[in-house]
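Each chain, letter by letter, is given below.
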Amino acid sequence: MLIEPEAVAKIDADCIRSGIPGYALMTAAGHAVAAAALRHYPEAERFVVLAGPGNNGGDGYVAARLLAESGADIRVFRLSMKPPMTEDASRAHAECPVEGLPLSMYCPRLGDVVIDALFGAGLARDLSPEVSDLISELERNRIPVLSVDIPSGICGRSGHIRGAAFRAERTVTFVALKPGQVLLPGREHCGEVEIAEIGVPRRLIEQYRSPTRINSPDIWLDYASAKTPSGHKYSHGSLGVFSGGATQTGACRLAAEAGLRAGAGLVTIAGPSEALAANAAHLTAVMLRQVDGRAELDEWLQDRRLGAFVLGPGFGVGEKARDFVLALRDRNLVLDADGITSFRDDPERLFEAFSTGAPHLILTPHDGEFGRLFPDVAASKEISKVERAQAAARRANAIIILKGADTVIAGPDGRCAINSNAPPWLATAGSGDVLAGICGSLMAQGFAAFETACAAVWYHGEAGNRAGKGLTAESLVSHIDI
Ligand SMILES: NC(=O)C1=CN([C@@H]2O[C@H](COP(=O)(O)OP(=O)(O)OC[C@H]3O[C@@H](n4cnc5c(N)ncnc54)[C@H](O)[C@@H]3O)[C@@H](O)[C@H]2O)[C@@H](O)CC1
Ligand SMILES: Nc1ncnc2c1ncn2[C@@H]1O[C@H](COP(=O)(O)OP(=O)(O)O)[C@@H](O)[C@H]1O
Ligand SMILES: [K+]
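The rules behind the values
- Residues numbered from 1 in each chain as written.
- Chains lettered and ligands numbered in written order.
- Predicted model: local features only at pLDDT ≥ 70, side-chain atom pairs only at ≥ 80, totals over all residues.
- UniProt positions renumbered as here; feature names shortened; annotations may be inferred.
- Helix = DSSP H or I, 4+ residues; strand = E, 2+ residues; numbered from the N terminus.
- Near = placed C-beta within 6 Å.
- Nonpolar A, V, L, I, M, F, W, Y, C, P; charged D, E, K, R; others polar.
- Axes fitted to C-alpha atoms, helices over the stretch in contact; angles between N-to-C directions.
- Parallel < 35°, antiparallel > 145°, perpendicular 65-115°, else oblique.
- Left-handed = near helix turned anticlockwise from the far one by under 90°.
- Contact = placed C-beta atoms within 7 Å.
- Domains from an automatic or database assignment.

Describing the UniProt feature "domain: YjeF N-terminal" (unreviewed entry) in the protein
Part 1 of the reasoning: The positions UniProt marks with the feature "domain: YjeF N-terminal" (unreviewed entry) are residues 8-206.
Part 2 of the reasoning: With 38% helix and 17% strand, residues 8-206 has its two end C-alpha atoms placed 13 Å apart.

The structure is reproduced here in structure tokens:
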């Protein structure tokens, strides 16, 4: 579950209305931070709390008091020497026995552990040069940082860096993760994340949970046991994958084999006559069909058992791709790679074709391909990856899988998931073709488009984890296990 940074203040206000004082929450937060500091840094020579002007700083003052009470050597440096900006933070400051000095007086030294309590959910602008310089100095001296709630400088909504950001070894966050802790680069800046409960009632957390979720199997739970013991290969889904020309057949085979491995009962590669020999030489369980032009395609499409199609991997960019896609407008389609690029000059033609009915088009762009279909959305740097994918999904009436280390899946209805199980070695040639094949397979098996996309991305990541560091796209296929 995720909560947006904007919800933090609302949760606080509702807690207070429910009789849970804000200061109780701040005290619990400070306790969690102090406990994590003592637990993870027993060898620290001194703890250094950097306190900001708001409640993030307030959590820092509480932690400083508790660390002082535990007998640790503790220093506090304040961003501003003015009184804190909230009542709770002022109280935490007043109760802290350690005198706070101006931030400019802090000289990092070996043995320090920094507790970064400058900004959390309230980060509203770029960090000042003073803070940026301090961050560089801490990094140069390899001083470990434990961040309170989120590393200061990371936007909790987008994961973007506001000018500069602490690179924490650990982060103690409260209530639930924020999107900016799962999206990059925020995720990398958080280090190990611990979620502290702090006593917010469950019903409030549920009430304010973000519609954006972390990708996990509970999203597609309803489809998990779709196969019945009495099923046959057609009831397990029939998938069609389009092949490119004679010298570009590898990509479609990766998609087709992934589709079979992901559980489709039947997978057929449809390709031009010139590619038949190359495909035939490498296929066993996957079937082959000659489809040169539109007439043969239309004939093949008479087979309504074909539950989904994959077009794009190795297909070639151009009018043939556009023509085939338009012929598939009322079918379940995964459009990847060349299939996406083919609509670069006229994306509206694609969107218009799939504009009606329940979404049945899945687009699987990486950043470059995304920019070809949605140049204006890609250009707006302020919006988060989640918001980019959502805007694209609405425009295209499609499910968008915006790939990367933090793949985001979004639907036109606003549903969204951020994936976090993919290992870095998944970034290898052909990996995207495998993902397209898994998507096609699940759609052919009857999963709805959004659930398909979430499940495919997650199983792709799991396969990557099982395959391990030396993975190639081929070995990735053999590790798909659904
Ligand atoms: N429900 C929760 O999750 C709870 C959250 N608490 C803490 O409360 C924090 C949020 O507190 P606040 O809303 O007071 O926000 P922050 O403490 O994050 O920041 C607040 C102040 O910093 C100023 N500011 C923002 N960006 C700045 C920049 N770049 N340079 C200089 N000043 C800047 C803002 O004008 C604002 O006044 C959370 O991150 C968390 O640490 C806890 O106290 C307990 C409960
Ligand atoms: N750093 C990374 N960590 C985890 N997964 C990644 C990373 N970079 C890319 N990926 C994933 O690897 C796949 C690459 O797909 P794609 O860019 O289409 O490559 P290709 O065209 O070579 O198959 C996508 O599923 C993407 O999400
Ligand atoms: K912080």
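Now that the structure has been shown, we can carry on.
Comments concerning the site of ligand 1
Part 1 of the reasoning: Gly54, Asn55, Asn56, Gly120 and Gly122 are the nearest of the 33 residues found near ligand 1.
Part 2 of the reasoning: Contributing elements (two or more residues each) for the shell around ligand 1: helix H1 (5-17), helix H2 (22-40) and helix H3 (55-69).
Part 3 of the reasoning: In terms of residue count, the dominant contributor to the shell around ligand 1 is H3 (five residues).
Part 4 of the reasoning: Each residue belonging to the shell around ligand 1 can be placed in one class, and the counts come to 18 nonpolar, ten polar and five charged.

Digging into the packing of H3 against helix H4 (residues 87-95)
Part 1 of the reasoning: Where H3 meets H4, the axes come as close as 8 Å, and the angle between the chain directions of the two elements is 25 degrees. One element, H3, and the other, H4, form an angle in the roughly parallel class. Of the two elements, H3 crosses H4, and the hand of that crossing is left-handed. Packed against H3, whose contacting residues are Asn55, Gly57, Gly58, Tyr61, Val62 and Arg65, the element H4 presents Asp88, Ala89, Ala92, His93 and Glu95 at the interface.
Part 2 of the reasoning: Considered class by class, the residues forming the contact of H3 with H4 number four nonpolar, four polar and three charged.

Some thoughts on the domain arrangement of the protein
Part 1 of the reasoning: In terms of domains, the protein is made up of domain 1 (5-210) and domain 2 (217-478).
Part 2 of the reasoning: Taken together, the contacts link eight residues of domain 1 with seven residues of domain 2.
Part 3 of the reasoning: Its residues assigned to classes, the side of domain 1 that touches domain 2 comprises four nonpolar, two polar and two charged.

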